[in-house]
Amino acid sequence: MAHQSLTFKGVENADQINRITTALMMLDGVDSAEVGRHGAEVEGRVRREALIKAVEALKLPIQVK
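This report concerns the structure included in the present document.

1. Considerations on the overall build of the protein chain
Stage number 1. The helix and strand tally for the protein chain stands at 2 helices and 4 strands.
Stage number 2. Taken from N to C terminus, the helices and strands of the protein chain fall in the order β-α-β-β-α-β.
Stage number 3. Here the C-alpha radius of gyration of the protein chain, 10 Å, is about what a compact globule of 65 residues would show, namely 11 Å.
Stage number 4. If you line up the protein chain on its principal axes, its C-alpha atoms span 30 × 20 × 20 Å.
Stage number 5. Burial status across the protein chain gives 38% buried among its 65 residues.
Stage number 6. Long-range contacts, defined here as pairs at least 24 residues apart, represent 57% of the contacts in the protein chain between residues at least 6 apart.

Okay, here's the thing in structure tokens:
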């Protein structure tokens with residue numbers, strides 16, 4: 001199983017964390033996602049670019065790397 005790490009800047013509350021978690025878990029190929037204020041650890045067969053696009057599509061005032 002593949003492992004991907006994302007880094008966040010600007011996540012301020014639990015609602016944002018929940019929205020990011022939901023967006024990542026909805027992607028095909030994601031088996032698990034541990035999301036916190038400073039980043040996410042994702043397990044599964046999914047491309048890093050797809051993870052970043054899913055988070056950016058939420059239009060939250062955060063930076064994703």
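Now that the structure has been shown, the text picks up again.
2. Examining helix 2 (residues 48-56)
Stage number 1. Taken together, the buried positions of helix 2 are L51, I52, A54 and V55. With its buried residues spanning 160° around the axis, helix 2 presents them on a single face.
Stage number 2. The inward-facing, buried residues of helix 2 abut strand 1 (3-9), helix 1 (14-25), strand 2 (30-36), strand 3 (39-44) and strand 4 (63-64).

3. Digging into the side chain of Q4
Stage number 1. Counting through the fold element by element, Q4 comes out in strand 1.
Stage number 2. Residue classification places Q4 among the buried positions, given a relative accessible area of 17%.

4. Overview of unusual backbone geometry
Stage number 1. Even without a glycine there, the phi angle at K59 is positive, about 60°.
Stage number 2. Take K59: it is sitting in the loop between helix 2 and strand 4.
Stage number 3. The exposure class of K59 is exposed, given its relative accessible area of 72%.

What counts and what doesn't
Residues numbered from 1 in each chain as written. Predicted model: local features only at pLDDT ≥ 70, side-chain atom pairs only at ≥ 80, totals over all residues. Heavy atoms only, no water. Helix = DSSP H or I, 4+ residues; strand = E, 2+ residues; numbered from the N terminus. Rg over C-alpha atoms; globule rule 2.2 N^0.38 Å. Buried < 20%, exposed > 50% of the residue type's maximum accessible area, 1.4 Å probe, protein only. Contact = heavy atoms within 4.5 Å. Arc of directions from axis to C-beta.

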